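Residues per chain, in single letters:
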Amino acid sequence: MNDAAPRPGARGRLLLTIGLVMLAVLVAVMVLGPSLAPYSPSRTTPDSLAGPTAQHWLGTDSIGRDLLSRLIVGGRSTLLITFASVALALCAGLVLGLASGYLGGRVDLVVMRLLDVIFAFPVFLLAIAVVAALGPTVPNLILTIAIVYTPTLARVVRAPVLSVKRWDHVEAARSVGVREFDIATRHVLPLVVSPIIVQTSLTLANTIFTVTALSFLGLGPPPPDPNWGSMLAEARQFMELAPLTVIGPAIAIVFASLTFIVLANGLREALDVGSR
Amino acid sequence: MSDAGPLLQVRDLTAAFGRAGAAAPVVKGISFDVAPGEAVGFVGESGCGKSVTARAILRLAPEGASVTLGGRVAYRGRDLLQLPAREMEQVRGRRIAMVFQDPMASLNPVMTVGQQIDDMLRHHQNLSRRAARRRTVDLLGLVGIRDPASRADDYPHQFSGGMRQRVMIAMAVSCEPDLLIADEPTTALDVTVQAQILRLLLRLRHELGMALMLITHDFGVIAGMVEQVFVMHRGEIVERGAVDAIFRDPQHPYTRALLAAIPRIETARRSS
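Residues numbered from 1 in each chain as written. Chains lettered and ligands numbered in written order. Predicted model: local features only at pLDDT ≥ 70, side-chain atom pairs only at ≥ 80, totals over all residues. Heavy atoms only, no water.

What follows concerns the UniProt feature "transmembrane region" (unreviewed entry) in chain A. All names here are of chain A. Those residues carrying the UniProt feature "transmembrane region" (unreviewed entry) are residues 12-33, 79-102, 114-134, 140-157, 196-221 and 241-267 in this numbering. With 95% helix and 0% strand, residues 12-33 has its two end C-alpha atoms placed 30 Å apart. Here residues 241-267 is 89% helix and 0% strand, with 42 Å between the C-alpha atoms at its ends. (UniProt positions renumbered as here; feature names shortened; annotations may be inferred. Helix = DSSP H or I, 4+ residues; strand = E, 2+ residues; numbered from the N terminus.)

Structure follows, in structure tokens:
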């Protein structure tokens, strides 16, 4: 206890703090969005593909729109889709994973095999197929990504439920007449939240990539509204003339995804997942 | 609901583990009665089927095991083994309650003990939040927890083993059941606490007028606690009778062996 090495929790707390600060930046962009942007994201100016100036900090794109404003407004769209789809996947994953793990037997068999079918497809193949079939609107995109990530979250819920449902306090609760539904939601679920929180954060990191990749391929929110994926796609052909038009959205995507990875690692250590 | 006749009448109860066809019998057709307000003891070594018998009465199977129950468990004339699951939930805790061996693991670690007792009262007796809490505090006081009003807001890890067992007992008797099944209630506790818990069970039994089914591997626990004793061995009741008679004059060789296993102060002296 006399060595100067940081305590086991210190690294986790540091990561968690950094992650939360980064998350605050993202949430600020998402909530404040347009009011934070210096210009309207669709306002064009005569100087296209200009470098950074005092008026346009990051320069302009191919038709002279302010890059910084488009990044901020586009971030709002990308992040909203990300959060909405992960929230949906989390709800579905909680219900399916808990039902599957707690009820076991045939319910478990049917639910898990159905999820395995989804799981067996490569994420993009499935996402492209669903978006192509349903049409590239924002609700469809959210639904698609939610479907793609539900199996991962359901499994992360199911596994600890399988063990916690055998703990003595569950039998004790049953012995005093607590209803099965209440046992599952009040005596099992609260004990398995830690791994779910960590996995949700990791899923957010993956989802950022999925959302921007689908937008990059033209399956995202329809133009002219900016988002990080479509900005990257538009700027690709001018990459050599104005590198900032590509670097801007790319850094934004990496920053957002890094936020959730850092957060997940911080949470993992803070919540002590894995040691239980 | 007349007082005539037994409270619980168990006939040819069987329990077998495993799939049909290859099932291993654990309880092999036992029969016994418990009269209202009576205290009975079940004694036997581990694996003799006494805990499975207790769980069978409440239809609690060990999680993950497939257990087949047979025979008849009549509570006030109604066969519990045939009851729909919904009605069974009404019996558990309200009519027949149970206290388990390990008080460390029997409470939900993420809920305060007060919440857990409140929940049960609200569920079984439709009490308001405030009324339930008042009753919870009374109950915690009844089982001898000091300063119950503030302790109700503590989490299980803030209680010692003996205190947790008191909480479990408070929860079990909260709806004033007719029968309390105590499955090795003192095994996980140290000896001084054991005596306190047994005294508490005895006191509650008289105060609430409930029947008690005490399950233990320790004949020493049975003495002075119950009227009737059932000695179980390999899934069968091998000897039954009034507790004094069995202590004075055990008939079955297994019972004699169990009685001989109680450590005595004289023997301990001699060997040291």
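All names here are of chain B. Spatial strand order, β2-β1-β4-β5: four strands in an open sheet with antiparallel pairing. Because the sheet does not close on itself, it has two edges, and the strands there are β2 (24-34) and β5 (78-79). Pairing between strand β4 (residues 67-75) and β5: two bridges, direction antiparallel. Directly across from Tyr75, in β5, lies its bridge partner Arg78. Here helix α1 (residues 50-57) sits on the sheet in contact with β1 (8-17), β2 and β4, set at roughly 65 degrees to β2. (Pairing = 2+ DSSP bridges. Contact = heavy atoms within 4.5 Å. Axes fitted to C-alpha atoms, helices over the stretch in contact; angles between N-to-C directions.)

All names here are of chain B. An order of β6-β7-β8-β3-β9-β10 is seen for the six strands of this open sheet, with the pairing classed as mixed. The open sheet has two edge strands, β6 (96-99) and β10 (236-242), and neither has a second partner. Averaged over all pairs of adjacent strands, the angle between strand axes in this sheet comes to 15 degrees, irrespective of strand direction. Sheet topology note: the strand β7 (residues 179-183)/strand β8 (residues 211-216) ladder contains five bridges and is parallel. Each residue of the ladder has a partner; that of Leu179, found in β8, is Ala211. Its contacts with the sheet put α1 on β3 (39-43), β6, β7, β8 and β9 (228-233), and the angle it makes with β8 is roughly 150 degrees. In the packing of helix α6 (residues 161-173) onto the sheet, the strands contacted are β6 and β7, and the crossing angle to β6 comes to about 175 degrees.

The next thing to look at is the side chain of B:Thr216. All names here are of chain B. Along the chain, the position of Thr216 falls in strand β8. Residue Thr216 is classed as buried on the basis of its relative accessible area of 3%. Leave out the neighbours within four places in its chain, and Thr216 touches Phe42, Val43, Gly44, Lys50, Glu184, Val221 and Ile222. (Buried < 20%, exposed > 50% of the residue type's maximum accessible area, 1.4 Å probe, protein only.)

This part takes up the packing of aromatic side chains. Residue and element names in this part refer to chain B. Evaluation of the coordinates by the stated rule reveals five aromatic pairs over all chains. Ring centres of Phe32 and Phe230 lie 5.5 Å apart, and the angle between their planes is 50 degrees; this geometry places the pair in the tilted category. Placement of the pair is Phe32 in strand β2 and Phe230 in strand β9, with a sequence separation of 198 residues. Across the pair, Phe230 and Phe32 agree in class, each one buried. Taken together, Phe32, Phe42 and Phe230 form an aromatic cluster joined through their ring pairs. It is Arg151 that lies over the ring of Phe159; its NZ or CZ is 4.1 Å from the centre. (Phe/Tyr/Trp six-rings, centres within 6.5 Å; stacked < 30°, edge-to-face > 60°. Lys NZ or Arg CZ within 6 Å of the ring centre and 35° of its normal.)

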